[in-house]
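Chain by chain, the residues:
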Amino acid sequence: MGYRIAVVGATGNVGREMLNILHERTFPVDEIVALASRRSLGTEVSFGDTTLKTKDLETFDFTGWDIALFAVGSEATKTYAPKAAKAGCVVIDNSSLYRYDADVPLIVPEVNAQAIHGYSKKNIIANPNCSTAQMVVALKPLHDRARIKRVVVSTYQSVSGAGKEGIDELWDQTKSIYNPTDSKPPKKFTKQIAFNVIPHIDVFLDDGSTKEEWKMVAETKKILDPKIKVTATCVRVPVFVGHSESINIEFEDFLDEHEARDILRESPGIMVIDKREDGGYVTPIECVGDYATFISRIRQDSTIDNGLNLWCVSDNLRKGAALNAVQIAEVLGRECLKKG
Ligand SMILES: NC(=O)c1ccc[n+]([C@@H]2O[C@H](COP(=O)([O-])OP(=O)(O)OC[C@H]3O[C@@H](n4cnc5c(N)ncnc54)[C@H](OP(=O)(O)O)[C@@H]3O)[C@@H](O)[C@H]2O)c1
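Attention in this report is confined to the structure presented alongside it. (Residues numbered from 1 in each chain as written. Predicted model: local features only at pLDDT ≥ 70, side-chain atom pairs only at ≥ 80, totals over all residues. Heavy atoms only, no water.)

## What to know about the overall build of the chain
What counts here: Numbering of helices and strands starts at the N terminus; helices are DSSP runs of H or I of at least 4 residues and strands are runs of E of at least 2. Just to be clear, the radius of gyration here is over C-alpha atoms, and the globule rule we use is 2.2 Å times residues to the power 0.38. Residue contacts are counted whenever heavy atoms from the two residues lie within 4.5 Å of one another. Note on areas: Shrake-Rupley with a 1.4 Å probe; residue coverage comes only from the protein chains shown. We count Lys and Arg on the positive side and Asp and Glu on the negative side, and we leave His and both chain ends out. A charged residue contributes its charge at one atom only: NZ of Lys, CZ of Arg, CG of Asp or CD of Glu.
From N to C terminus, the chain includes 9 helices and 14 strands. By the compact-globule yardstick of 20 Å for 340 residues, the chain fits well, its C-alpha radius of gyration being 20 Å. For the chain, the spread of C-alpha atoms along the three principal axes comes to 60 × 60 × 40 Å. Sequence separation of 24 or more characterises 67% of the internal contacts of the chain that already satisfy a separation of 6 or more. Accessible surface, the chain as shown: approximately 15,300 Å² in total, 50% of it carbon and sulfur. Distance between charge centres in the chain, computed from 42 positive and 47 negative side chains, equals 4 Å.

Structure follows, in structure tokens:
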């Protein structure tokens, strides 16, 4: 006996990847439904060899459905996630709405799978921000060995992190650069994204940081350890899929770069590609469609006593969203719902 699964936001970038990943990982599905807004009623999406016709989220009854994987943004989540949860369907949500709620577990299975049991307070589990997910996968095994004090991270985030409109804007603007009569001014982003980089993701906060940067700080504390200090600079770059991060880590104890490389090689969800030669590292294009968080450029930071630098790349639509959500569903099934 398997699960009745609802994919909410099935016509979006993350929703489509959720359908792909549920099929790839042969998640025990008895029945699956694709939901989106009324605009997409009847739109066809693929689930393996099967084609699903998208249904209207607004009129859908979640009674009798086991798990709803939500990828619709905070506004629609606010309306529909409580309805699903109240109907007895466990919500695994990709928006930021519930991430900081003390009654909702925020989970990256490689790091804090044990938090799953907290789901029953609201019948909701939160998925972290894409930049946080890949970073904590990399930090966890190093923290276990040498206790992390402080992290300085700069991100290089792809446009797919801003949804379908982000992808379209980079594509259209790139073409328009070669055809100046067809100018495409910024709409989704605050400045031109084609052939440019923008040090601004989400809204500005009073202290001069952005909400995206704040999310990395708050989520790392909730998932990994509240004592870890994080300072982040989040930057949008003209890459379609795949987020990259330059991470500087200060530890309590000394950690040699060779030992760090060995630890990371043995850790779940991580692939180390780290040769000190031309091309001996991973770039975002190479991580697309993969499950792993790739780590390269591991090296000592000789400006402090116990410091390391590394480069971390992952598919933001997968580990940063859809894969992590499906992994949570797997843990939920194994540890709590016990069907399949
Ligand atoms: N992209 C990433 O890297 C990433 C990472 C982590 C988390 N997330 C989060 O995941 C969510 C989805 O992101 P995305 O990149 O997949 O966005 P997207 O490509 O723009 O897709 C949005 C999806 O939400 C649906 N939707 C929007 N408003 C709705 C409403 N009122 N009722 C029903 N359905 C509605 C859309 O349906 P229609 O097609 O019918 O409009 C579409 O299926 C967001 O909360 C985002 O913050 C994204």
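On we go.
## What to know about the site of the ligand
Quick reminder of the rule: Here, proximity means that at least one heavy atom of the residue falls within 4 Å of the molecule or strand.
Inspection of the region around the ligand gives 26 residues, with Thr11, Val14, Ser37, Arg39 and Ser40 positioned closest. Burial of the ligand by the protein amounts to 80% of the accessible area it has alone, namely 900 Å². If you list the elements that add at least two residues to the shell around the ligand, you get α1 (13-24), α5 (163-177) and α9 (318-337).

## Section: the pairing of strand β6 (residues 67-70)
To keep it simple, the criterion reads: To sort residues, take the accessible area from a 1.4 Å probe on protein chains only and compare it with the maximum for the residue type: under 20% means buried, over 50% means exposed, and anything in between is partly exposed. Strands pair, by our definition, only if DSSP identifies at least two bridges between them. Assignment of crossover handedness uses the view with strands pointing away from the viewer, where a clockwise path from the first strand over the helix to the second indicates a right-handed crossover.
Taking every second residue as pointing to the same face, both faces of β6 are buried, with Ile67 and Leu69 on one and Ala68 and Phe70 on the other. Pairing geometry for strand β1 (residues 3-8) and β6, over 4 bridges, is parallel. Paired with Val8 across the strands is Phe70, a residue of β6. Inspection of the sheet shows β6 paired to strand β7 (residues 90-93) by 4 bridges, in the parallel sense. Paired with Phe70 across the bridge in β7 is Asp93. For the segment spanning β6, helix α2 (residues 74-86) and β7, crossover handedness is right-handed.

## A look at the environment of Pro109
Its place among the elements puts Pro109 in helix α3 (residues 109-112). Between the alpha carbons of Pro109 and Ala322 there is a distance of 13 Å; along the sequence they are 213 residues apart. Apart from residues no more than four positions distant in its own chain, Pro109 is found in contact with Lys319, Asn324, Gln327, Ile328 and Val331.

## Quick word on helix α7 (residues 257-265)
Convention followed: Each direction from the helix axis to a C-beta atom contributes to the arc, which is the arc of those directions. Side-chain atoms alone can form a polar contact between residues adjacent in sequence; in general such a contact is a pair of N or O atoms within 3.5 Å, and within protein one must be able to donate a hydrogen while the other accepts it.
Every buried residue of α7 is accounted for by Glu257, Ala260, Arg261, Ile263 and Leu264. Seen end-on, α7 carries its buried residues on one side only, within an arc spanning 165 degrees. In this fold, the buried residues of α7 make contact with α4 (130-146), β12 (270-272), β13 (293-300) and β14 (307-314). Structurally, the start of α7 carries an N-cap: the backbone nitrogen of His258 is 2.9 Å from a side-chain oxygen of Asp256.

## Some remarks on the state of the cysteines
Applicable threshold: Cysteine sulfur atoms are paired as a disulfide whenever they fall within 2.5 Å.
Counted by the stated rule, this structure contains 0 disulfides. With no disulfide of its own, Cys287 has Cys312 as its nearest cysteine by sulfur position, at a separation of 9.6 Å. As a non-bridged cysteine, Cys336 has Cys89 as the owner of its nearest cysteine sulfur, 14 Å distant.

## Quick look at the packing of α4 against helix α6 (residues 211-223)
We apply this condition: The axes used here are C-alpha line fits, helices contributing only the stretch in contact, and every angle between their N-to-C directions lies in the interval 0 to 180 degrees. Small angles under 35 degrees read as roughly parallel and large ones over 145 as roughly antiparallel, with 65 to 115 read as roughly perpendicular and the rest as oblique. Here is the rule for handedness: rotate from the far helix to the near one, and if that takes an anticlockwise turn smaller than a right angle the crossing is left-handed, while a clockwise turn gives right-handed. When residue character is reported, Ala, Val, Leu, Ile, Met, Phe, Trp, Tyr, Cys and Pro are called nonpolar, Asp, Glu, Lys and Arg charged, and the others, Gly included, polar.
Where α4 meets α6, the axes come as close as 9 Å, and the angle between the chain directions of the two elements is 40 degrees. Classed by the angle they form, the pair α4 and α6 counts as oblique. The two elements α4 and α6 meet at a crossing, and its hand is right-handed. Along its contact with α4, which presents Ser131, Thr132, Met135, Val136 and Leu139, the element α6 presents Glu212, Lys215, Met216, Glu219, Thr220 and Ile223. Partitioned by chemical class, the residues of the contact of α4 with α6 number 5 nonpolar, 3 polar and 3 charged.

## Remarks on the pattern of salt bridges
As a reminder of what qualifies: Should a side-chain nitrogen of Lys or Arg be within 4 Å of a carboxyl oxygen of Asp or Glu, the pair is scored as a salt bridge.
Enumeration according to the criterion identifies 24 salt bridges in this entry. We note a salt bridge from Glu44 to Lys53, for which the minimum N-O separation is 3.0 Å. Overall, Glu44 belongs to the partly exposed group, its relative accessible area being 47%. Assessed through its relative accessible area of 53%, Lys53 is described here as exposed. Among the salt bridges present, the one from Asp274 reaches Arg261, with a minimum N-O distance of 2.8 Å. Taken as a pair, Asp274 in the loop between β12 and α8 (284-287) and Arg261 in helix α7 lie far apart in primary sequence, 13 residues in all. Classification of Arg261 as buried rests on a relative accessible area of 9%. Bridged by salt links that share partners, the residues Glu17, Glu24 and Arg318 form one connected network.

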